[in-house]
Amino acid sequence: LAIPEMDFLFANPYVIRKEEEKYYTEKIYMFPGAQTHCDLPWMPQASEEAPCQRNGYITFGSMNSYHKLSEDLFKIWITILEQVPGSKIIFDTQDLIEKGSTNYLYKVFQSYGIENSRLTIRSNKDRVNFLETYNDIDIALDPFPYGGSTTTIEALCMGVPVVTREGNGWTSRFSSSILRTMKHEELITNNWDDYISKAVELAKDQDRLNQYRKGLKADTLASDLNINKHVALFEKAVRDIWERTCSEKVESLNGKASINNKSLSS
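The residue count restarts for each chain, going from 1 along the sequence in the order it is written. The predicted nature of this model means local features are confined to residues of pLDDT at least 70 and side-chain atom pairs, given and counted, to a pLDDT of 80 or more, with totals for whole chains, interfaces and linings taken over all residues. Each side-chain value is derived from all of the structure's non-hydrogen atoms; neither hydrogens nor water enter the calculation.

### Here we look at unusual backbone geometry
Here is step 1 of the chain: The residue after Phe144, namely Pro145, is reached through a cis peptide bond having omega 5°.
Here is step 2 of the chain: Secondary structure elements are defined from DSSP: runs of H or I of at least 4 residues count as helices, runs of E of at least 2 residues count as strands, and each element is numbered from the N terminus. Along the polypeptide, Pro145 turns up in the loop between β6 (139-141) and α6 (150-157).
Here is step 3 of the chain: Positive phi, close to 65°, is recorded for Lys183, a residue that is not glycine.
Here is step 4 of the chain: Tracing the sequence through the fold places Lys183 in the loop between α7 (174-181) and β8 (188-189).
Here is step 5 of the chain: Buried means the residue's accessible area, taken with a 1.4 Å probe over protein chains only, is under 20% of the maximum for its type, while exposed means over 50%, and partly exposed covers the values in between. The exposure class assigned to Lys183 is exposed, which follows from its relative accessible area of 60%.

### Brief notes about the pairing of strand β4 (residues 88-92)
Here is step 1 of the chain: β4 sits mainly inside the fold: four of its five residues count as buried.
Here is step 2 of the chain: A pair of strands is considered paired only if DSSP assigns at least 2 bridges between the two. Pairing geometry for strand β3 (residues 59-62) and β4, over four bridges, is parallel. Paired with Thr59 across the bridge in β4 is Lys88.

### A word on the layout of surface pockets
Here is step 1 of the chain: In this analysis a 1.4 Å probe is tested at points of a 1 Å grid over the protein atoms alone, and where it fits but cannot get out there is a cavity; an open set with protein on both sides within 12 Å along at least five of seven lines is a pocket; lining residues have an atom within 4 Å of a point. Grid points are joined across faces, edges and corners, and a volume is the space filled by probe spheres set on the points. In this structure, the largest pocket occupies an estimated 160 Å³ of space.
Here is step 2 of the chain: Taken together, 13 residues form the lining of the largest pocket, with Met63, Ser65, Thr93, Gln94 and Phe130 sitting closest to its centre.
Here is step 3 of the chain: For the lining of the largest pocket, the elements supplying multiple residues, two or more each, are α3 (94-98), α5 (127-132) and α6.
Here is step 4 of the chain: Among the elements that make up the lining of the largest pocket, the one with the highest residue count is α6 (three residues).
Here is step 5 of the chain: Looking at the lining of the largest pocket, its residues break down into two nonpolar, seven polar and four charged. Each residue is assigned to one of three groups, with Ala, Val, Leu, Ile, Met, Phe, Trp, Tyr, Cys and Pro labelled nonpolar, Asp, Glu, Lys and Arg labelled charged, and all others, Gly among them, labelled polar.

### As for the pattern of salt bridges
Here is step 1 of the chain: Salt bridges are identified by distance alone: a Lys or Arg side-chain nitrogen within 4 Å of an Asp or Glu carboxyl oxygen. What the rule picks out here adds up to nine salt bridges.
Here is step 2 of the chain: Of the charged contacts in the structure, one is a salt bridge between Glu21 and Lys18, with a shortest N-O distance of 3.4 Å.
Here is step 3 of the chain: Taking relative accessible area as the criterion, Glu21 reaches 19% and is therefore assigned buried.
Here is step 4 of the chain: A residue is classified by how much of its surface remains accessible, and Lys18, at 66% relative accessible area, is exposed.

### Quick word on the packing of aromatic side chains
Here is step 1 of the chain: Pairs were defined over the aromatic rings of Phe, Tyr and Trp, the Trp ring being its six-membered one, requiring ring centres within 6.5 Å. Orientation was assigned from the angle between planes: stacked under 30 degrees, edge-to-face over 60, tilted for the rest. Within this structure, the stated rule accounts for ten aromatic pairs.
Here is step 2 of the chain: Centroid distance Phe10 to Phe234: 5.5 Å. Interplanar angle 65°. Geometry classified as edge-to-face. On the criterion of sequence distance, the pair formed by Phe10 in strand β1 (residues 8-11) and Phe234 in helix α10 (residues 227-265) is long-range, its members being 224 residues apart.
Here is step 3 of the chain: Given a relative accessible area of 38%, Phe234 falls into the partly exposed group.
Here is step 4 of the chain: Geometrically, the ring pair formed by Phe74 and Phe109 is tilted, given 5.6 Å between the ring centres and 50° between the ring planes. Taken as a pair, Phe74 in helix α2 (residues 71-83) and Phe109 in helix α4 (residues 102-111) lie far apart in primary sequence, 35 residues in all.

### Considering empty space enclosed by the protein
Here is step 1 of the chain: With the rule as written, the count across this model stands at one cavity of 30 Å³ or more.
Here is step 2 of the chain: If you add up the space inside the largest cavity, you get close to 80 Å³.
Here is step 3 of the chain: In terms of lining residues, the largest cavity is bounded by Gly61, Ser62, Met63, Asn64, Tyr134, Ala140, Leu141, Asp142, Thr151, Thr152, Ala155 and Val162.
Here is step 4 of the chain: Of all elements in the fold, only β3, β6 and α6 reach the threshold of two or more residues within the lining of the largest cavity.
Here is step 5 of the chain: Counting residues per element, the lining of the largest cavity draws most heavily on α6, at three residues.
Here is step 6 of the chain: Per-class residue counts for the lining of the largest cavity are six nonpolar, five polar and one charged.

### Some remarks on the sheet that holds β4
Here is step 1 of the chain: As summarised here, the arrangement of the six strands in space is β5-β4-β3-β6-β7-β8, forming an open sheet in which the pairing is parallel. Every other strand in the sheet has two partners, leaving β5 (119-122) and β8 as the edge strands with one partner each.
Here is step 2 of the chain: In terms of strand pairing, β6 meets strand β7 (residues 162-165) through two bridges, oriented parallel. Within β7, the residue paired with Ala140 across the bridge is Val162.
Here is step 3 of the chain: We call two residues in contact whenever any of their non-hydrogen atoms come within 4.5 Å of each other. Lines fitted to the C-alpha atoms define the axes, with helices restricted to the stretch that makes contact. Angles between their N-to-C directions range from 0 to 180 degrees. Strand contacts of helix α8 (residues 192-203): β3, β6, β7 and β8, with the helix running at about 170° to β7, the strand carrying the most contacts.

### Comments concerning α2
Here is step 1 of the chain: A rise of 1.5 Å per residue sets the reference length of α2, with its 13 residues, at 18 Å; its end C-alpha atoms lie 18 Å apart and thus fit the reference within 8%.
Here is step 2 of the chain: Listed as buried for α2 are Leu73, Phe74, Ile76, Trp77, Ile78, Ile80 and Leu81.
Here is step 3 of the chain: In this fold, the buried residues of α2 make contact with β3, β4, α4, β6 and α8. Here, expected helix span is obtained from the residue count minus one, scaled by 1.5 Å.

Note that every value here comes from positions in space, so none of it alone points to a role or purpose.
Below is the structure:
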C-alpha cells in the first residue's frame, strides 16, 4: 500500500537487498550505517558477569511483545531447554499478562515436559526494572518471523548475546542487521537447526558468555549504533535527499521549459 506522503524509506543492505527494492513503492535510501541507534544514559548498570556464574544454570530470555510469539516458536525454545539440562527461561512482557495468556504459556511448556519451575513470567511496567531483568538472562532468544529491534539493542547494551534467525523480509532481518553492524555475525543463523545448535553451544561456553557480558556494550558504542554517529549519518542522509529532490525538480522544470520553447518556435 503506497503512502503518498512518504517519498523515501530508510534502509540498509542488511534489511533490504538491492534486488528487493522493486517491491517497494517508496524510493529506498540506503543508509550507510545502522537504521537505528542506542542511547545509553538511561540504561541501568549491567552485571559484569553472566548470571549462570552465580545461579549454576543457564537462563534464556525473551523480552519481546507477546504478539511476536507463537506455539511453533515455543517448540523451538522448548527443544533448546531440553538440550540444556537445568536451564530456565524468563518472559518479561506486559501484554502477556494483560491478555491473560500466562496459564496458556505454562500449559504449552507443560505439554512438552517443561515444568513450571523452569519458567519465570514477569510484567515490569517500570522501564528501569524491565531493563534490569537482562541481568538475570544469559542468552536472549530472538522471535521469528517478527524479530526484535529495540529489545535486541537493549539486550546487547546490557551485555546479553541475542541468537537470531535471519529470514526473507525486513521484519526477520532487523536483529541480524544490528548484529552485522556490530560485527557479531556469529550470533546469526538462517534455519532452525542452526538456531538451536547455536543457542545450545553458547549455553555450554560460560567463558564466552562472560566475554559477551563485558564487551557487548563497548561493541555497541563503537559501532554505527552509537547515537552520535547515527545522528551524523542521518543529517547527511537528509541533505542528500533534499539535494537529490531539488536536482530532480530543476531537471523537470528545464525539461518542461525546453518543450515549451520548441512549441513557441514552431
